[in-house]
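Okay, here's what each chain looks like letter by letter:
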Amino acid sequence: MSTAAPDYAFASAFQAPYIPPIRSLMPYALREGTISMAGGYPAQELFDIPGLSEASIQVLGRLGACLQYSNVDGEASLRHQLGRLTEARGLACDPDTELLVTGGSQQALALLARVMLQPGDHAVLENPSFPNSLQALRYTGATVHAVASGPEGIDLDALDALAAEVKPKMVCVVASFSNPCGATLTRQARLRLLDLAVKHRFLIVEDDPYGELRFSGETVPPIAALAQGEQRNWAVYISSMSKTMAPGLRIGWLVGPQAVRRRCVTAKSADDMACPVWIQEIVAQYLDNGSYAKHVPHIRAAYGSRCNALAEALERELPGEVAFSKPEGGMFFWARLTGDIDATRLLPYAIEHEVVYVPGSSFYVEGTQADPYAMRMSFATMNEERIALGIRRLAQALKACEAGAPVSITLPA
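Starting from 1, residues in each chain are numbered consecutively following that chain's sequence as written. Confidence filtering applies because this is a predicted model: local features only for residues at pLDDT of at least 70, side-chain atom pairs given and counted only at 80 or more, and all residues used for totals across whole chains, interfaces and linings. Note that water and hydrogens are dropped before the side-chain values are worked out from all heavy atoms of the structure.

The name given to the chain in an unreviewed UniProt entry is Aminotransferase, with Bordetella trematum as the source organism. UniProt positions are given in the numbering used here, feature names are shortened, and annotations may be inferred rather than shown by experiment. The Cofactor (unreviewed entry) comment attached to the chain in UniProt states, word for word, "pyridoxal 5'-phosphate".

Colleague: With reference to specific residues and values, describe the overall build of the chain.
Modeller: For helices the rule is a DSSP run of H or I covering at least 4 residues; for strands it is a run of E covering at least 2, with both sets numbered from the N terminus onward. Looking only at helices and strands, the chain features 13 helices and 14 strands. The globule rule puts the C-alpha radius of gyration for 413 residues at 22 Å, and the 22 Å found for the chain is close to it. Partly exposed residues are those whose accessible area sits between 20% and 50% of the maximum for their type, while under 20% is buried and over 50% is exposed, using a 1.4 Å probe and protein chains only. In the chain, which comprises 413 residues, the share counted as buried stands at 55%. Two residues form a contact once any of their heavy atoms are found within 4.5 Å. Taking all contacts inside the chain whose residues are at least 6 apart in sequence as the whole, residues at least 24 apart take part in 77%. Reported accessibility uses the Shrake-Rupley method at a 1.4 Å probe radius. Residues are deemed covered only where the shown protein chains occlude them. Total accessible area on the chain stands at roughly 18,100 Å², and carbon and sulfur atoms take up 52% of it. A distance of 2 Å separates the average location of the 35 positive side-chain charges in the chain from that of its 43 negative side-chain charges. In this description the radius of gyration comes from C-alpha coordinates, and the expected globular size is given by 2.2 Å times residues to the power 0.38. For this count, His and the chain ends are skipped, Lys and Arg are scored as positive, and Asp and Glu as negative. We put the charge of a Lys on NZ, of an Arg on CZ, of an Asp on CG and of a Glu on CD.

Colleague: Now, about the domain arrangement of the chain: what can you tell me, with residues and values included?
Modeller: Where a domain begins and ends is set by an automatic assignment or by a domain database. Partitioning the chain into domains gives domain 1 (17–46 + 294–403) and domain 2 (63–289). Relative to domain 2, the C-alpha centre of domain 1 lies at a distance of 26 Å. The interface of domain 1 with domain 2 comprises 28 residues on the first partner and 32 residues on the second. The quantity reported as buried area is the accessible area (1.4 Å probe) lost by two parts once they are put together, taken as the sum for both. Here domain 1 and domain 2 share an interface that buries about 2,600 Å² over both sides, 63% of which is from carbon and sulfur atoms. Any carboxyl oxygen of Asp or Glu within 4 Å of a side-chain nitrogen of Lys or Arg constitutes a salt bridge here. Along the contact surface separating domain 1 from domain 2 lie 2 salt bridges. Between Glu 366 and Arg 138 there is a salt bridge, with the nearest N and O atoms lying 3.3 Å from each other. Any N or O atom pair separated by 3.5 Å or less is treated as a polar contact, with the protein-specific requirement of one donor-capable and one acceptor-capable atom, and with residues adjacent in sequence counted only for side-chain atom pairs. Counting every contact that joins domain 1 to domain 2 gives 11 residue pairs in polar contact (both at pLDDT 80 or more). Elements with a minimum of two residues in the side of domain 1 that touches domain 2: helix H11 (291–317) and strand S11 (332–337). Split by residue class, the side of domain 1 that touches domain 2 holds 16 nonpolar, 8 polar and 4 charged. Residue classes follow a fixed rule: Ala, Val, Leu, Ile, Met, Phe, Trp, Tyr, Cys and Pro count as nonpolar, while Asp, Glu, Lys and Arg count as charged, and any other residue, Gly among them, counts as polar.

Colleague: For unusual backbone geometry, give the residues involved together with the corresponding values.
Modeller: Across the junction of Asn 127 and Pro 128, the peptide omega takes the value 10°, indicating a cis bond. Positionally, Pro 128 belongs in the loop between strand S3 (122–127) and helix H5 (131–138). Of note, the amide linkage connecting Asn 179 to Pro 180 takes the cis form, showing an omega dihedral of 20°. Tracing the chain through its elements places Pro 180 in the loop between strand S6 (170–173) and helix H7 (187–200).

Colleague: Can you tell me about the sheet that holds strand S4 (residues 143–150), naming the residues and giving the values?
Modeller: When DSSP locates at least two bridges between a pair of strands, those strands are taken to pair. In space, the 8 strands of this open sheet follow the order S2-S9-S8-S7-S6-S3-S4-S5, with mixed pairing throughout. On the outer flanks of this sheet lie strand S2 (99–102) and strand S5 (153–154), each paired with one strand and no other. Bridge count between strand S8 (residues 235–240) and strand S9 (residues 252–255): 4 bridges; the pairing is antiparallel. Directly across from Ile 238, in S9, lies its bridge partner Leu 254.

Colleague: I'd like a description of the environment of Arg 89, backed by residues and values.
Modeller: Tracing the backbone shows Arg 89 in the loop between helix H3 (76–88) and S2. Here the alpha-carbon distance between Arg 89 and Val 260, two residues 171 residues apart in the chain, equals 21 Å. When neighbours within four sequence positions are excluded, Arg 89 is seen to be in contact with Asp 208, Glu 212, Pro 221, Pro 222, Tyr 237, Ser 239, Trp 253 and Tyr 292. Within the structure, the side chain of Arg 89 is placed 2.9 Å from the side chain of Ser 239, a separation counted as a polar contact.

Colleague: Outline the sheet that holds strand S14 (residues 374–378), listing residues and values.
Modeller: Read across the sheet, 4 strands follow the order S10-S11-S14-S13 without closing on themselves; strand pairing throughout is antiparallel. Each edge of the sheet is formed by a strand with only one pairing partner; in this case those strands are strand S10 (322–325) and strand S13 (358–359). Here S13 runs beside S14; their pairing, made up of 2 bridges, is antiparallel. Paired with Pro 359 across the strands is Met 375, a residue of S14.

Colleague: If you had to explain the packing of aromatic side chains to someone new, which residues and values would you point to?
Modeller: Centre distance within 6.5 Å is the pairing criterion for rings of Phe, Tyr and Trp, where only the six-membered ring of Trp is used; planes under 30 degrees apart are then read as stacked, over 60 as edge-to-face, and the remainder as tilted. Scanning all chains against the criterion turns up 8 aromatic pairs. Judged by centre distance (5.8 Å) and plane angle (85°), the ring pair of Tyr 210 and Phe 332 falls under edge-to-face. Highlighted residues: Tyr 210 in the loop between strand S7 (203–208) and helix H8 (223–226) and Phe 332 in strand S11, separated in sequence by 122 residues. Both residues of the pair, Tyr 210 and Phe 332, count as buried. On the numbers, 6.2 Å between centres and 80° between planes, the contact of Trp 334 with Phe 363 is edge-to-face. With Trp 334 in strand S11 and Phe 363 in the loop between S13 and S14, the pair connects residues that are 29 residues apart, well separated along the chain.

If you want it as structure tokens, here you go:
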């Protein structure tokens, strides 16, 4: 016998649970035979199974010590290894007072949002941006504003004007190979962003999951690495092992001013108390073995080849019909249909032709600001042959859509 669900008094942020548009595409993306350019997954065949196995076996030799509760801020072994890795990227920090181990960079952002924001506050995101970042900020009750981002990253003139008006407490950016645009802020833009942070007294949060995946062009240091004097007080750096080691590890980290980090530790203690010791020690051992330093160049080379394959396939199969900016790293192309067909209208035809992408409208802070012709395509999880086949299928789908052919796929509005 069924009964009606109780009328629960949910918190306002959860009265209508958010379901990311990307999630609704996964049943299609995972169908056998389909070529998926939808998910932001790293390539599973590139995981360093031998290196991770070796580190795991080494940690098994001291397993008893890995089964106890951990320090909330992370195991000392991992904090110091991550401190050395962060310093190699140009950002020196004290791993005992400025670095916090988190459950991926998503938890780092959520912790920062929780300790910085509350109803009545304001925060800024790039537009378009990763939907889960938007939700982490909105769940605090703060008002989230969008500043346009393009091939060169966030529009700093627009940010300056908006910050003068709304006084945001946080500005969140993916400065290297952003998701979804693949954009990278130049050194000069990063320096200006630091100046704006001091001028308007907002905390820059740089999310850097893709920075080590540069396969062309010149490396640009993290924003916090460029900070001088007071600027360092207004810059936080977060990163993750998800795209370079494996997302199943759920290991990320945060580097920030001691006062900010200390409050994030308090917030984490109320959240999950600590990341699993066993996993932390495996990651620390993997770094200590030198396996990470040997493995990352392998990923870079593979992704660079796949990025080139996607650019060549688009130029060959869809000349003049899809415009795009080729990234210098990361995992994503931000492309745009140039004709009368928009990305949402084309998608059912693409699915029927066994290729999937994500319409760009899924990534905008406000739907009214979305570019209906934009699409995000990931090249990470397919080899060059599959990429070429996927774009051939996409070209066939576009022809069918333009011809008004019947389509059997119906997607939710």
